Amino acid sequence: PAAPANLRGEATPHLAYLAWDDLSPTELAFELERSDDGVLFAPLASVGANATTYIDAGRTPGTTHHYRVRATNAAGVSGWSNVLVLAGSKTRTR
């Protein structure tokens, strides 16, 4: 499947509101990962086909979190989206 694009979001101390552009007509799901250091990512959630948003209710206040998302289907997985960095109410992508 094609990789999702334009991962973006906003944060509060306890929540992260994530959104992305679905560029694949064939995905079965999207996999989201989160990292505290931007290097070691761990699975966060899997959402169904055509989903373009996710709310992370497990944020640790005062911690910077890095997020990425990819599409999956029966043939395999896409590349990762851009990495979104959320620290409190500050947002940046790389």
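Cut-offs used in this document
- Residues numbered from 1 in each chain as written.
- Predicted model: local features only at pLDDT ≥ 70, side-chain atom pairs only at ≥ 80, totals over all residues.
- Heavy atoms only, no water.
- Helix = DSSP H or I, 4+ residues; strand = E, 2+ residues; numbered from the N terminus.
- Contact = heavy atoms within 4.5 Å.
- Pairing = 2+ DSSP bridges.
- Axes fitted to C-alpha atoms, helices over the stretch in contact; angles between N-to-C directions.
- Core = buried A, V, L, I, M, F, W, Y, C linked by side-chain atoms within 4.5 Å.
- Buried < 20%, exposed > 50% of the residue type's maximum accessible area, 1.4 Å probe, protein only.

Q: So what exactly am I meant to see when it comes to the environment of R34 here?
A: Tracing the backbone shows R34 in strand β3 (residues 29-35). Remark: the alpha-carbon pair of R34 and S24, spanning ten residues in sequence, is separated by 22 Å. Apart from the residues lying within four places of it in its own chain, the contact partners of R34 are L40, F41, A42, L44, D56, G58, R59, H65, H66 and Y67.

Q: Before we go on, may I ask you to explain the sheet that holds strand β1 (residues 5-11) in this structure?
A: One key point about sheets: their strands pair by backbone hydrogen bonds, in either a parallel or an antiparallel sense. The antiparallel open sheet is built from three strands, whose spatial order is β1-β2-β5. Looking along the sheet, the strands with just one partner apiece sit at the ends: β1 and β5 (53-56). Pairwise comparison of adjacent strand axes, ignoring direction, gives a mean angle of 20° for this sheet. Pairing geometry for β1 and strand β2 (residues 16-21), over five bridges, is antiparallel. Paired with A5 across the bridge in β2 is D21.

Q: Explain the nonpolar core to me, please; I cannot follow it from the model alone.
A: By size, the foremost hydrophobic cluster in this structure holds 15 residues, and its most contacted members are L7, L18, W20, L32, Y67 and L86. Secondary-structure elements contributing two or more residues to this core are β1, β2, β3, β4 (42-48), β6 (64-73) and β8 (84-87). Beyond its immediate chain neighbours, meaning those up to four positions away, L18 contacts L7, R8, G9, L32, T52, T53, Y54, Y67, L84 and L86.

Nothing here speaks to function; it is all geometry.
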